[in-house]
Amino acid sequence: MTVLSVNVNKIAVLRNSRGGDEPRVTDAAEAALRAGAGGITVHPRPDQRHIRPGDVRDLARLVAGRGEFNIEGNPFAPARGDYPGLLALVRETRPQQATLVPDGDGQITSDHGFDLARDAGRLRPLVAELKACGARVSLFMDAGAPDMARAAELGADRIELYTGPYAQAFAAGDPAAALDLCRRSARDAQAAGLGVNAGHDLSQSNLGAFLRGVPGVLEVSIGHALVGEALYAGLEPTVRAYLALIAAAR
Ligand SMILES: CC(=O)[C@@H](O)[C@H](O)COP(=O)(O)O
Ligand SMILES: NCC(=O)COP(=O)(O)O
C-alpha cells in the first residue's frame, strides 16, 4: 500500500514566524507517526525559511525505528551559514531516503523536476555518495519528462512525480490530461526498474483520483494541504483521513 510521508515544513514556517520554539516540528512528527503515517519528510533549504539543520537532526532521532525519514533538497546548493548542504545532512543523519529536487532560492516552492539531459553527469556521483550513506535516492521529475530511464541509469532508486500541475488541473475541474501524463510517466519509470513516489499540492480532495489513476505509487509526501486541513480537524484525525483515502484507493 502507498506510504504516507508527512512533510512538516509548514509547522516550521509557523514556528519561525514568532522566533521561538513553538510549535515544535518534533511534536507534529510524533503526532503524525502516532496516527499511522509511514514517514516524515522535510525540505531544508539554504535560506532556512522553514526547516533548519537542527530540525533535521532532531527528526532523524525521533523517526528512527518508527518510520522512514525523507530529506529533500537540491544537492548542488552550496552550504550557507549553518546550513551544511544536503549531502552533509544526509551523511550526518542517515535518512532512509534522500529526494533530490532542483530548486533555487528564488522559488516560493518547488515547481519543476530535473532536466536529466543537462544534469545527469553532475548527479551521478552525488547519487552514488548518497547511496553509500545508506539512503534510497529519489529524483524529483516532471510528469512527461522524456528520459525516466536515464534516472535509473544514473543510479536512482525512485523518481518522485511532481504533482503540482495535476493538482492545478484537478482544481480547475479538468484533470484527465494531467493524470494521463502522470500515469504514462509512472509506467515509463516502472518499466526502467524505478520505484515511483509522488508529491506536491496533493490534498484530501485530489489524492484518491490520483492514486486510482496512477497504479503502483509507493509513497506520497504531503505537507502544505495536510497542515492546512489539520488547522481545522486536528493533525492526527487529518493523517488518519489521508490513510483512509489511501486504503480506499487500492
Ligand atoms: C519537493 C516538493 O514538492 C515539496 O516537497 C517541497 O517540500 C515543498 O517545499 P515548501 O514546503 O518549501 O513549499
Ligand atoms: N515532496 C512533496 C512534499 O514533501 C510535500 O509537498 P506539499 O504537500 O507541501 O506540496
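Computed from a prediction, not measured in an experiment: that's the story for all the values here.

Undergrad: What is the right way to look at the site of ligand 2 in this model?
TA: Neighbouring ligand 2 are the residues Asn7, Thr41, Glu72, Glu160, Gly199, His200, Asp201, Ser221, Ile222, Gly223 and His224. In the model, a nitrogen atom of ligand 2 is placed 2.9 Å from a nitrogen or oxygen of the serine 221 side chain. Summarising the interface, the protein chains cover 93% of the accessible area of ligand 2, which totals 310 Å² for the free molecule. Among the cavities detected, the one that contains ligand 2 is the largest pocket. Split by residue class, the shell around ligand 2 holds one nonpolar, seven polar and three charged.

Undergrad: Whenever I open this one, the packing of aromatic side chains confuses me. Can you help?
TA: Aromatic rings considered in pairs are described by the distance between their centres and by the relative angle of their planes. Tallied over the entire structure, the rule returns four aromatic pairs. Ring centres 6.5 Å apart and planes at 85 degrees place the aromatic pair phenylalanine 76 and phenylalanine 114 in the edge-to-face group. Here phenylalanine 76 is found in the loop between strand E3 (68-73) and helix H4 (86-93), whereas its partner phenylalanine 114 is found in the loop between strand E4 (97-100) and helix H5 (116-132), with 38 residues between them in sequence. Accessibility expressed as a relative area gives 24% for phenylalanine 76, which makes it partly exposed. Assessed through its relative accessible area of 4%, phenylalanine 114 is described here as buried. Centroid distance tyrosine 166 to phenylalanine 210: 5.3 Å. Interplanar angle 50 degrees. Geometry classified as tilted. Residue tyrosine 166 is located in helix H7 (residues 164-171), and its partner phenylalanine 210 is located in helix H9 (residues 207-213); the two are separated by 44 residues in the primary sequence. There is no split in this pair, since tyrosine 166 and phenylalanine 210 are both buried. Through successive ring pairs, a cluster of aromatic residues spans Tyr166, Phe170 and Phe210.

Undergrad: Mind showing me how you'd approach the UniProt feature "binding site: 3-amino-2-oxopropyl phosphate" (unreviewed entry) in the chain here?
TA: Residues annotated by UniProt as "binding site: 3-amino-2-oxopropyl phosphate" (unreviewed entry) correspond here to Asn7, Arg18, Asp201, Gly223 and His224. Considering the C-alpha atoms alone, the annotated residues occupy 218 residues of sequence and remain spread out, their largest mutual distance being 25.5 Å. Here the residues from the annotation list that line the largest pocket are Asn7, Asp201, Gly223 and His224. One can find glycine 223 in the loop between strand E8 (217-222) and helix H10 (224-233). The class of glycine 223 is buried, set by a relative accessible area of 9%. Residue position: histidine 224 is located in helix H10. Residue class for histidine 224 comes out exposed when judged on its relative accessible area of 53%.

Undergrad: What's the story with the sheet that holds E8 in this structure? I'm lost.
TA: Adjacent strands of a sheet form backbone hydrogen bonds with each other and so pair up, either parallel or antiparallel. An order of E1-E2-E3-E4-E5-E6-E7-E8 is seen for the eight strands of this closed barrel, with the pairing classed as parallel. Looking at each pair of strands side by side, their axes are set apart by 25 degrees on average, direction ignored. Strand direction decides the pairing type here: strand E5 (residues 136-142) and strand E6 (residues 158-162), joined by five bridges, are parallel. In the sheet register, aspartate 142 faces E6, and the bridge partner there is tyrosine 162. Strands E3 and E4 of the sheet are contacted by H4, whose axis makes an angle of about 165 degrees with E3. Contacts from helix H8 (residues 176-191) reach E5, E6 and strand E7 (195-199), with the element oriented near 175 degrees to E6.

Undergrad: So what exactly am I meant to see when it comes to the site of ligand 1 here?
TA: Residues in close proximity to ligand 1 include Asn7, Asn9, Lys10, His43, Arg45, His50, Glu72, Val101, Thr109, Ser110, Phe140 and His200, which together make up its full environment. In this structure, threonine 109 approaches ligand 1 through a side-chain N or O atom, which is 2.5 Å from an oxygen atom. One nitrogen or oxygen atom from the side chain of histidine 200 is found 2.6 Å from an oxygen atom belonging to ligand 1. Bound to the protein, ligand 1 loses 92% of the 360 Å² it would expose on its own. Under a 2 Å grid-point criterion requiring more than half of the atoms, the pocket assigned to ligand 1 is the largest pocket. Considering only residue class, the shell around ligand 1 consists of two nonpolar, seven polar and three charged.

Basis of the calculations
- Residues numbered from 1 in each chain as written.
- Chains lettered and ligands numbered in written order.
- Predicted model: local features only at pLDDT ≥ 70, side-chain atom pairs only at ≥ 80, totals over all residues.
- Heavy atoms only, no water.
- Near = heavy atom within 4 Å.
- Polar contact = N/O pair within 3.5 Å; in protein donor to acceptor, adjacent residues only side chain to side chain.
- Areas by Shrake-Rupley, 256 points an atom, 1.4 Å probe, with all protein chains shown as cover.
- 1 Å grid on protein atoms, 1.4 Å probe; cavity = no way out; pocket = protein on both sides within 12 Å on 5 of 7 lines; lining within 4 Å.
- Sits in = over half its atoms within 2 Å of the grid points.
- Nonpolar A, V, L, I, M, F, W, Y, C, P; charged D, E, K, R; others polar.
- Phe/Tyr/Trp six-rings, centres within 6.5 Å; stacked < 30°, edge-to-face > 60°.
- Helix = DSSP H or I, 4+ residues; strand = E, 2+ residues; numbered from the N terminus.
- Buried < 20%, exposed > 50% of the residue type's maximum accessible area, 1.4 Å probe, protein only.
- UniProt positions renumbered as here; feature names shortened; annotations may be inferred.
- Pairing = 2+ DSSP bridges.
- Axes fitted to C-alpha atoms, helices over the stretch in contact; angles between N-to-C directions.
- Contact = heavy atoms within 4.5 Å.

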